[in-house]
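If you want the building blocks of each chain, they are given just below.
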Amino acid sequence: MSSVLLDATTAPVRADGASEDMSFDAIVIGAGIAGLYQLYRLRQLGLSVRVFETGSGVGGTWYWNRYPGARFDSESYTYGYSFSDELLRDWNWSEHFAAQPETLRYLNHVADRFDLRRDIQFNSRVSSAAFDEATRRWNVTLDDGQRYAARFLITAIGPLSAYTLPRIPGADSFRGQAFHTYKWPQQPVDFAGKRVAVIGTGATGVQVIQTIAPLVGQLTVFQRTPNWCTPLHNRKITEEEQQKIKAGYPAMFELLRQTPGCYIHDADPRSVFDVTEEEREAFWEKLYSEPGFGIWMANFRDVLTDAKANALFSDFVARKIRQRVKDPKVAEMLIPKCHGFGTRRVPQETGYYEAYNLPHVRLVDTRRTPIERITETGITTSDAAYDFDIIIYATGFDAVTGAFDRIEFRGVQGQRLKDHWADGPKTYLGLMSTGFPNMLTIVGPHNASTRCNIPRCIEQNVEWVTELMRSIRDRGVTRFEAISEAEADWSRHVEELAAGMLYTQVDSWATGINSNVEGRNVRRILQYQGGAPSYRARCDDVAANGYKGMTLS
Ligand code: NAP
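Quantities reported herein were computed from a predicted structural model and do not represent experimental measurements.

Engineer: Got a sec to walk through the overall build of the chain? Specific residues and values, please.
Structural biologist: Secondary structure assignment for the chain yields 18 helices and 20 strands. Here the C-alpha radius of gyration of the chain, 24 Å, is about what a compact globule of 553 residues would show, namely 24 Å. For the chain, the C-alpha atoms occupy an extent of roughly 75 × 60 × 50 Å along the three principal directions. Split into buried and exposed, the 553 residues of the chain put 58% on the buried side.

Below you can see the structure in the form of structure tokens.
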């Protein structure tokens, strides 16, 4: 497609003189849920778009995370795209919380159905992007040296895509198989009879552990910090439920627009202290028996904000863990002592605690006996040496800003985004940064999306960006940028919303901590905590007021 925004005479040509067009109205980085939808929308505007994707297929998170047990913990039907009635009508989710292969099939179906692949360049990792003030364009370079240009640059690189491995001496010497969960092989891994180690007990580790525990010869879990895990209660969707789900889509999406995280669960307006102890226990038993994140999001309103309320509920979940894990010593190891329920992402589990009742599953506390090195045959801690055939690193991500750091973004006068964000992100609406004109960061830092049922917030981000692009096209604008006061005001607003919240007092990826990355030991505010409806209202207000806080020229 030819460009509607670029002057053809200024378009770059390939050094070798080949005729392929290397310049576009917009370049999108990433072909996950966000990149696919952004491509679809920009194409509708008539813009020429090229999407660069590191993987060999679409799907982003769901392309990479093929580890055993990977599945949704949002209800499947709340997670799919909402923009196409036909897509909603035709696609049948098989389970209330679909597994990764089904989600990847879904995203491939979307790519095919809307003929998206022809504008996606796979196996293409963007290594750098530099804004050229003279041409008002972004020059984008891939790992292999290929260069492209576009008026606008849109990042859709995901909040959890920069995976991190522990800095443990000897890791390269291990002679067995070793995988990070994010870089899981496309071919099935044979666990039968194998001695397997899992390092990490976040939402990913929990899914892996509960899934492979019955399959392996021996499983050793290396846990540094236990998490508060609650039951997922997944099951198949019956034919009758399928019909109801489809008939209920309009009302459901309307509800999702109103809840803070765009989930079907919303906080109970009561305080923990409004009810008797018996009522409280009965309510919590009910939540514990229900599917999904209700226990986290539809709990008493003060469970996540009041330390005393939080301690009472944490105690309830601790009792559940003690009931489910037979060995009291192991149960105590699995009960978090340093953070309250819900102040870190709650892993949802299916038989996770029961896995520790199996005779061939053991738990190692790496705070008590730290991992000292990885050897050719296994893992050595301060008090024992363990031999393994497979080591699984479920060790997480350099979250939210990590993927940005891995690309050399250079804005006005060559300024690096990494330096601009060195003391924590500075953004306007979590969608742009001063000094980086014509660049938009879908699911970027300070954006509501990482506290969200993410496709819902992705759709909002993409639709806002698309309207901006429409306005720019119609007005003949070639450059936009966030004003620095607007950036400072937004960044302050995001910090103020998060101040005093219980989660900000805890180390986790959501507060920007990662022991495996140099310098990631200081908590940062990465997420907009005002809830998706307020975030949407603020974005809409900016658009309705002629994109206030931005210069458009
Ligand atoms: P994570 O929550 O950051 O967990 C990483 C785990 O590895 C933690 O237990 C961490 O311990 C441990 N770890 C890291 N480095 C270590 C080291 N050097 N030595 C020992 N232990 C180490 O990462 P994740 O489990 O991959 O989950 C990240 C996020 O992805 C989740 O919070 C969730 O938002 C998302 N996710 C979603 C789904 C879903 O939707 N179904 C599934 C999985 C994940 P510490 O806690 O002590 O740092």
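From this point, the discussion proceeds with the structure in view.
Engineer: Quick rundown of the sheet that holds strand E7 (residues 177–180)? Include the residues and the values.
Structural biologist: Strand order in the open sheet formed by five strands is E7-E16-E8-E9-E12, with parallel pairing between adjacent strands. Every other strand in the sheet has two partners, leaving E7 and strand E12 (361–365) as the edge strands with one partner each. With strand direction ignored, the average angle separating the axes of adjacent strands in the sheet is 15°. Judged from the five bridges that link them, strand E9 (residues 218–223) and E12 form a sheet pairing that is parallel. Bridging from a neighbouring strand, Gln223 pairs with Asp365 of E12. Sheet strands in contact with helix H6 (residues 203–212) are strand E8 (195–199), E9 and strand E16 (390–393), and its direction is about 160° off that of E8.

Engineer: Describe in detail the nonpolar core, supporting the description with residues and values.
Structural biologist: Counting 81 residues, the largest nonpolar core has Tyr81 and Trp464 as its most contacted members. With nine residues, the top contributor of residues to this core is helix H16 (residues 454–475). Counting contributing residues, this core receives three or more from each of domain 1 (8–58 + 116–162 + 399–552) and domain 2 (199–393). Residue contacts for Trp464: discarding those within four places in its chain leaves Leu429, Leu431, Met432, Leu440, Cys539, Asp540, Val542, Ala543, Tyr547 and Met550. Phe179, Phe191, Val275 and Phe293 belong to the second largest nonpolar core, which has 53 residues in total.

Engineer: Tell me about the domain arrangement of the chain, and name the residues and values.
Structural biologist: Annotation of the chain at the domain level lists domain 1 (8–58 + 116–162 + 399–552) and domain 2 (199–393). The C-alpha-based centres of domain 1 and domain 2 are spaced at 32 Å. Counting residues at the interface gives 16 residues for domain 1 and 20 residues for domain 2. Summing both sides of the interface, domain 1 and domain 2 together bury roughly 1400 Å²; the carbon and sulfur share of this comes to 59%.

Engineer: Lay out the layout of surface pockets with the relevant residues and their values.
Structural biologist: Think of a ball as big as a water molecule: rolled over the atoms, this probe shows where empty space is left. Roughly 520 Å³ of internal volume is contained in the second largest pocket. Lining the second largest pocket are 23 residues, with Ser82, Arg257, Arg456, Glu459 and Glu463 positioned closest to its centre. Among the elements of the structure, helix H4 (85–90), helix H8 (249–258), H16 and helix H18 (532–544) are those that each provide at least two residues to the lining of the second largest pocket. Here the lining of the second largest pocket is composed, by residue class, of 11 nonpolar, two polar and 10 charged.

Engineer: Give a description of helix H17 (residues 484–498) that names residues and reports values.
Structural biologist: Taking 1.5 Å as the rise per residue, H17 with 15 residues should run 21 Å; its terminal C-alpha atoms sit 21 Å apart, in good agreement. Contacts made by the buried residues of H17 are with helix H15 (417–420) and H18. One or two residues past the end of H17 sits Gly500, with phi positive at roughly 85°.

Engineer: If you had to explain the confidence of the model for the chain to someone new, which residues and values would you point to?
Structural biologist: On average, the chain scores 95 in pLDDT, and the residues at 70 or more come to 96%. Per-residue pLDDT stays below 50 along residues 7–19; that stretch engages in eight contacts with residues further than four places along the chain or on separate chains.

Engineer: Got a sec to walk through helix H11 (residues 307–324)? Specific residues and values, please.
Structural biologist: The end-to-end C-alpha distance of H11, which contains 18 residues, comes to 26 Å, matching closely the 26 Å that a straight helix rising 1.5 Å per residue would cover. Every buried residue of H11 is accounted for by Ala309, Asn310, Phe313, Ser314, Phe316, Val317, Ala318, Lys320, Ile321 and Arg324. One side-chain oxygen at the N-terminal end of H11 lies 2.9 Å from the backbone nitrogen of Lys308; it belongs to Asp306.

Engineer: Tell me about the state of the cysteines, and please be specific about residues and values.
Structural biologist: Summed over all chains, the structure comprises one disulfide. The side chain of Cys452 participates in a disulfide bridge whose partner is Cys457; the two sulfur atoms lie 2.2 Å from each other. Here Cys452 and Cys457 share a disulfide; its torsion about the S-S bond, 85°, makes the bridge right-handed. A relative accessible area of 7% places Cys452 in the buried class.

What counts, and where the lines are drawn
Residues numbered from 1 in each chain as written. Predicted model: local features only at pLDDT ≥ 70, side-chain atom pairs only at ≥ 80, totals over all residues. Heavy atoms only, no water. Helix = DSSP H or I, 4+ residues; strand = E, 2+ residues; numbered from the N terminus. Rg over C-alpha atoms; globule rule 2.2 N^0.38 Å. Buried < 20%, exposed > 50% of the residue type's maximum accessible area, 1.4 Å probe, protein only. Pairing = 2+ DSSP bridges. Axes fitted to C-alpha atoms, helices over the stretch in contact; angles between N-to-C directions. Contact = heavy atoms within 4.5 Å. Core = buried A, V, L, I, M, F, W, Y, C linked by side-chain atoms within 4.5 Å. Domains from an automatic or database assignment. Buried area = accessible area lost by both parts, 1.4 Å probe. 1 Å grid on protein atoms, 1.4 Å probe; cavity = no way out; pocket = protein on both sides within 12 Å on 5 of 7 lines; lining within 4 Å. Points joined across faces, edges and corners; volume = space filled by probe spheres on them. Nonpolar A, V, L, I, M, F, W, Y, C, P; charged D, E, K, R; others polar. Expected span 1.5 Å × (residues − 1). pLDDT = per-residue confidence, 0-100. Polar contact = N/O pair within 3.5 Å; in protein donor to acceptor, adjacent residues only side chain to side chain. Disulfide = S-S within 2.5 Å.

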